[in-house]
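Spelled out from the first residue to the last, the chains are:
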Amino acid sequence: MKPARTKTPRKPVVKKGSQTNLKDPVGVYCRVRPLSFPDQECCIEVINNTTVQLHTPEGYRLNRNGDYKEIQYSFKRVFGPHTTQKELFDVVANPLVDDLIHGKNGLLFTYGVTGSGKTHTMTGSLGAGGLLPRCLDMIFNSIGSFQAKRYVFKSNDRNSMDIQCEVDALLERQRREAMPNPKTPSGKRQIDPEFADMINVQEFCKAEEVDEDSVYGVFVSYIEIYNNYIYDLLEEVTFDPIKPKWNSCSTPMRNADFVPPQSKVLREDKNHNMYVAGCTEVEVKSIEEAFDVFWRGQKKRRIANTHLNRESSRSHSVFNIKLVQAPLDATGDNVLQEKEQITISQLSLVDLAGSERTNRTKAEGNRLREAGNINQSLMTLRTCMEVLRENQMYGTNKMVPYRDSKLTHLFKNYFDGEGKVRMIVCVNPKAEDYEESLQVMRFAEVTQEVEVARPADKAICGLTPGRRYRNHARAGPVGDELLVTEVVLQSFPPLPSCEILDINDEQTLPRLIEALEKRHLLRQTMIDEFNKQSVTFKAMLQEFDSGALNKENYIQGKLNEKEKVISGQKLEIERLEKKNKTLEYKIEILEKTTTIFEEDKRSLQHELEAQNQKLQRQFSDKRRLEARLQDMVTETTMKWEKECERRVAAKQLEMQNKLWVKDEKLKQLKAIVTEPKTEKPERPSRERDREKATQRSVSPSPVPNAPPLRLRHRRSRSAGDRWVDHKPASNVQTETVMQPHVPHAITVSVPNEKALAKCEKYMLTHQELASDGEIETKLIKGDVYKTRGGGQSVQFTDIETLKQESPTSRKRRSSSAAPAQPDGAESEWTDVETRCSMAVEMRAGSQLGPGYQHHAQPKRKKP
């Protein structure tokens, strides 16, 4: 089986501009713009050159203490409302331009709310040029005389540069100039009056220590990030009548020559730096050319009128200044044709669109979508800063979400150590922008804690410095030598005429000989003088050599002493470093131990708090349970006391009734026994027996102050009212002659609300087994009342008891209780017993008295 092919791991790339040991925090500056009107309420106060203070406006909510909340924020530098553009440039942008000329990258961006002065800070206004024109002015002031000829450097689509020789560059220039509409700006073009005052910088500014043995080229590009898409503002789009026409606000328009450009994509070069593929880079040779290119792109940038700003930027603009530097060859006349020796540095000037709230800007449609994309990209920038800060402060390794936005993805290399990062926070002090300014200040506070690796210095070229001016100065010594020779020849006497016209001429040769002898004498004299001077000069040289040798020996001795001191100091430094490492190790161990102890302390504190809370809960539960038990005991005690009292009272009443019945029976028995036996009496009726019993009753009633019993006829109260006759299904039919009967009654087996609502009276038929084994039927009667809740309640008022008895059982019981009597006595005894057996209507004292209530549908209690 063929093994699976694994991916070759990529070799880690060491970035050329990063130094892992040295890091610098992101420089955050604050600029406070002046108020639009003098009578506006101000919420931002400049305390000093590094601190501002925010005051809560009058109309905003107070804090919890009821006082106005004042917050102070610190910056690297604070610029007040009266700060000039020159002061801001000298502090913020000047160091970045100086690093650019020395081969280091830089990023400068303005951040703030809509209308806080970001575009004014970056671009400027008439008579007050911003940071961008001042950066261009400083660049061309520094490299103006060292610029390479046009097209010596040529950009490619791989974020790098190619070098052309002078001949190829000349041919390229001629070809471009021969084109009908050259795309490259010309230095002879007249300056646009719209920005003439912006680039007219009065103060001369120049970088120090510019490498004179190199040539430079400046390339600029201008892009915008609109709705998270990248567009090239310098791209020349040809007019196409077929395509639809759109204006700068992405709405259709007629009779125009603007076609929206194609969005660009981000790519990564061989050094893992991000760049915009296919972006137009224009080579410029002066500040006028560079700003003219910028102004052309600025006219294409998307701006719109909102409720807060008449010219609000609807996109993030990025103006890149790329400086290409290549060394001269050994002769100092031509550029070294080695691509590896090219140094490319870049300065990115970013004008961010302002964060805004749609409820204040009154944005709708496209404006609303633009505001959402702007706020989303700024939120992604803030998130990246927070993650970087967290990784650096706490040692975590969270992934920074650069790719969530094109803005952060483009500048990720700067935060990874490819250059310095500077941010200018622009704020408007008016009270209406208080909440937005507060959010901006919090973002600035987080950004200041992010550290960026310091870029490394440029590698030194191995060629001899001073090559540019060496050839120019090479002709100097030869000319001086010729001049000295000419002076010496002029000091000799002039030679006479050497022309001999006559054979007998005897004067010309003697004059010539005399002149030559004088010249020879003068020459000999000069030689002697030269010899004397050479001897003197040699002596002086020997003296100077001896002095130099003595000084050299003295300096060497001093150097040896210094070296000994330095070596001793190095040994001391090494010892101190070792000691420092030991102490650092001990400190680290102590810090770890302290951390462990603190964690243990926190855990023990948490455990103690948990135990205390548990004890408190148990104690509270115990108290609550005790109170509940106490209430239950009290309630149960009272209940049983009342129940005992009720039972005792009922038992007493029952016993008194029994005693009274027995007393009555005995009295009737005595009266019957004492009566003369003439003839057998007829059995009296129940009513007559009751009357006689009442007449013979002499003993007092067992219940004190009890009202006399009123004679009632069964069913006498049933006439005229509607009854509910409740007969449970468990009742047994007695099949007796006397049956309870209620006319016009609704008979139910289970009480219901519908039946109770139609009637005024209620009767419950209840059966139970008596003590003698007979069935006892009770008719429990009551009145029906309506309740407040819309239901019905029953108030019981009377109980009738119906009891069925067997005569045989009574005779048997009676005969067993007494001796046998004659027939008359037995019949009399039976008659007395029959007369004594009467229905008793129970009222007070019974178990089901007037206080017992029955509801048709009792409400169910919650558990």
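Residues numbered from 1 in each chain as written. Predicted model: local features only at pLDDT ≥ 70, side-chain atom pairs only at ≥ 80, totals over all residues. Heavy atoms only, no water.

Examining the overall build of the protein
Turning to step 1, where the next piece is worked out: When you go through the protein residue by residue, the secondary structure sums to 17 helices and 28 strands.
Turning to step 2, where the next piece is worked out: Sorting the 863 residues of the protein into buried and exposed places 35% on the buried side.
Turning to step 3, where the next piece is worked out: Long-range pairs, those at least 24 residues apart, make up 72% of the contacts in the protein with a sequence separation of at least 6.
Turning to step 4, where the next piece is worked out: Taken as a whole, the protein presents about 56300 Å² of accessible surface, with 54% of it coming from carbon and sulfur. (Helix = DSSP H or I, 4+ residues; strand = E, 2+ residues; numbered from the N terminus. Buried < 20%, exposed > 50% of the residue type's maximum accessible area, 1.4 Å probe, protein only. Contact = heavy atoms within 4.5 Å. Areas by Shrake-Rupley, 256 points an atom, 1.4 Å probe, with all protein chains shown as cover.)

Remarks on the pairing of strand 25 (residues 761-769)
Consecutive side chains of a regular strand alternate in pointing toward one face of the sheet and then the other.
Turning to step 1, where the next piece is worked out: Here strand 23 (residues 723-726) pairs with strand 25 via four bridges, running parallel. When the sheet's bridge partners are listed, Trp 723 is paired in strand 25 with Lys 761.
Turning to step 2, where the next piece is worked out: For strand 25 and strand 26 (residues 775-786), the ladder comprises nine bridges, and the chain directions are antiparallel. The residue of strand 26 that forms the bridge with Gln 767 is Thr 777.
Turning to step 3, where the next piece is worked out: Remark: five residues form the turn of the hairpin made by strand 25 and strand 26, two consecutive strands paired antiparallel; Gly 773 in that turn has positive phi of roughly 90°. (Pairing = 2+ DSSP bridges.)

Some points on the pattern of salt bridges
Opposite charge on two side chains lets them pair, provided their charged atoms get close.
Turning to step 1, where the next piece is worked out: The tally for this structure, following the rule as stated, stands at 26 salt bridges.
Turning to step 2, where the next piece is worked out: Note that Asp 783 and Lys 761 form a salt bridge whose closest N and O atoms lie 2.6 Å from each other. Within this pair, whereas Asp 783 is found in strand 26, its partner Lys 761 is found in strand 25, the two being separated by 22 residues in sequence. When sorted by exposure, Asp 783 lands in the same class as Lys 761, which is buried. (Salt bridge = Lys/Arg side-chain N within 4 Å of Asp/Glu carboxyl O.)

Focus on helix 5 (residues 287-300)
Spacing of three or four residues puts side chains on the same side of an α-helix, whose turn is 3.6 residues.
Turning to step 1, where the next piece is worked out: Between the first and last C-alpha of helix 5 there are 20 Å, a value that for 14 residues agrees with the 20 Å anticipated at 1.5 Å per step.
Turning to step 2, where the next piece is worked out: With 10 of 14 residues buried, helix 5 lies mostly within the body of the structure.
Turning to step 3, where the next piece is worked out: Buried residues of helix 5: Ile 287, Glu 289, Ala 290, Phe 291, Asp 292, Val 293, Phe 294, Trp 295, Gly 297 and Gln 298, and no others.
Turning to step 4, where the next piece is worked out: Lining the buried residues of helix 5 we find helix 3 (131-143), strand 12 (214-226), strand 16 (282-284) and strand 19 (316-327). (Expected span 1.5 Å × (residues − 1).)

Here we look at the environment of Val 452
Turning to step 1, where the next piece is worked out: Residue position: Val 452 is located in strand 22 (residues 451-453).
Turning to step 2, where the next piece is worked out: The spatial distance from the C-alpha of Val 452 to the C-alpha of Leu 388 is 9.6 Å, given a sequence separation of 64 residues.
Turning to step 3, where the next piece is worked out: Apart from residues lying up to four places away in sequence, Val 452 is in contact with Lys 23, Asp 24, Val 26, Tyr 414, Phe 415, Gly 417, Gly 419 and Val 421.

Some details on the nonpolar core
Turning to step 1, where the next piece is worked out: In terms of nonpolar packing, the biggest core is built from 54 residues, with Phe 75, Phe 411 and Met 441 touching the most fellow members.
Turning to step 2, where the next piece is worked out: Apart from residues no more than four positions distant in its own chain, Phe 411 is found in contact with Leu 107, Val 318, Ser 348 and Val 350.
Turning to step 3, where the next piece is worked out: Listed in part, the 47 residues of the second largest apolar core include Tyr 216, Val 284, Phe 319 and Ile 321. (Core = buried A, V, L, I, M, F, W, Y, C linked by side-chain atoms within 4.5 Å.)

Some words on the packing of aromatic side chains
Turning to step 1, where the next piece is worked out: Following the criterion strictly, the structure yields nine aromatic pairs and no others.
Turning to step 2, where the next piece is worked out: Measuring from centroid to centroid gives 5.2 Å for Phe 291 and Phe 294, while their planes differ by 50°, and the two rings are tilted. Of this pair, Phe 291 and Phe 294 both sit in helix 5, three residues apart, roughly one helical turn.
Turning to step 3, where the next piece is worked out: With a centroid separation of 5.9 Å and an interplanar angle of 65°, the aromatic rings of Tyr 762 and Phe 796 are classed as edge-to-face. Here the residue Tyr 762 occupies a position in strand 25, and Phe 796 occupies one in strand 27 (residues 792-803), the gap between them amounting to 34 residues. (Phe/Tyr/Trp six-rings, centres within 6.5 Å; stacked < 30°, edge-to-face > 60°.)

Observations regarding the sheet that holds strand 4 (residues 51-55)
Turning to step 1, where the next piece is worked out: In spatial order, the strands read 3-4-5; together these three strands make up an open sheet with antiparallel pairing. The open sheet is flanked by strand 3 (44-48) and strand 5 (70-74), the only strands paired with a single partner. Averaged over all neighbouring strand pairs, the angle between strand axes comes to 25°, with direction disregarded.
Turning to step 2, where the next piece is worked out: Alignment of strand 4 against strand 5, held across five bridges, turns out to be antiparallel. Bridged to His 55 within strand 5 is Glu 70. (Axes fitted to C-alpha atoms, helices over the stretch in contact; angles between N-to-C directions.)

Here's the deal with the environment of Pro 81
Turning to step 1, where the next piece is worked out: Of note, Pro 81 is situated in the loop between strand 6 (77-79) and helix 1 (85-101).
Turning to step 2, where the next piece is worked out: Assessed through its relative accessible area of 37%, Pro 81 is described here as partly exposed.
Turning to step 3, where the next piece is worked out: Spatially, the C-alpha atom of Pro 81 lies 9.2 Å from that of Val 46, the residues being 35 residues apart in sequence.
Turning to step 4, where the next piece is worked out: Residue contacts for Pro 81: discarding those within four places in its chain leaves Val 32, Arg 33 and Pro 34.

Regarding unusual backbone geometry
Turning to step 1, where the next piece is worked out: One non-glycine residue, Tyr 151, adopts positive backbone phi at about 75°.
Turning to step 2, where the next piece is worked out: Note on placement: Tyr 151 falls in the loop between helix 3 and strand 10 (153-155).
Turning to step 3, where the next piece is worked out: In this model, Glu 209 sits at a positive phi of 55°, which is unusual for a non-glycine residue.
Turning to step 4, where the next piece is worked out: Along the polypeptide, Glu 209 turns up in the loop between helix 4 (166-178) and strand 12.
Turning to step 5, where the next piece is worked out: Glu 209 sits in the exposed class, given a relative accessible area of 72%.

A few points about the confidence of the model for the protein
Turning to step 1, where the next piece is worked out: This prediction gives the protein a mean pLDDT of 77; 72% of its residues lie at or above 70.
Turning to step 2, where the next piece is worked out: When mean pLDDT is taken per element in the protein, strand 2 (residues 27-32) scores highest with 95 and strand 28 (residues 853-855) scores lowest with 41.
Turning to step 3, where the next piece is worked out: Counting contacts from residues 1-20, a segment whose pLDDT is below 50, to residues more than four positions away or on other chains yields 24 contacts.
Turning to step 4, where the next piece is worked out: Overall, residues 692-719 carries pLDDT values under 50, and its contacts beyond four positions in sequence, including any with other chains, amount to 39 contacts. (pLDDT = per-residue confidence, 0-100.)

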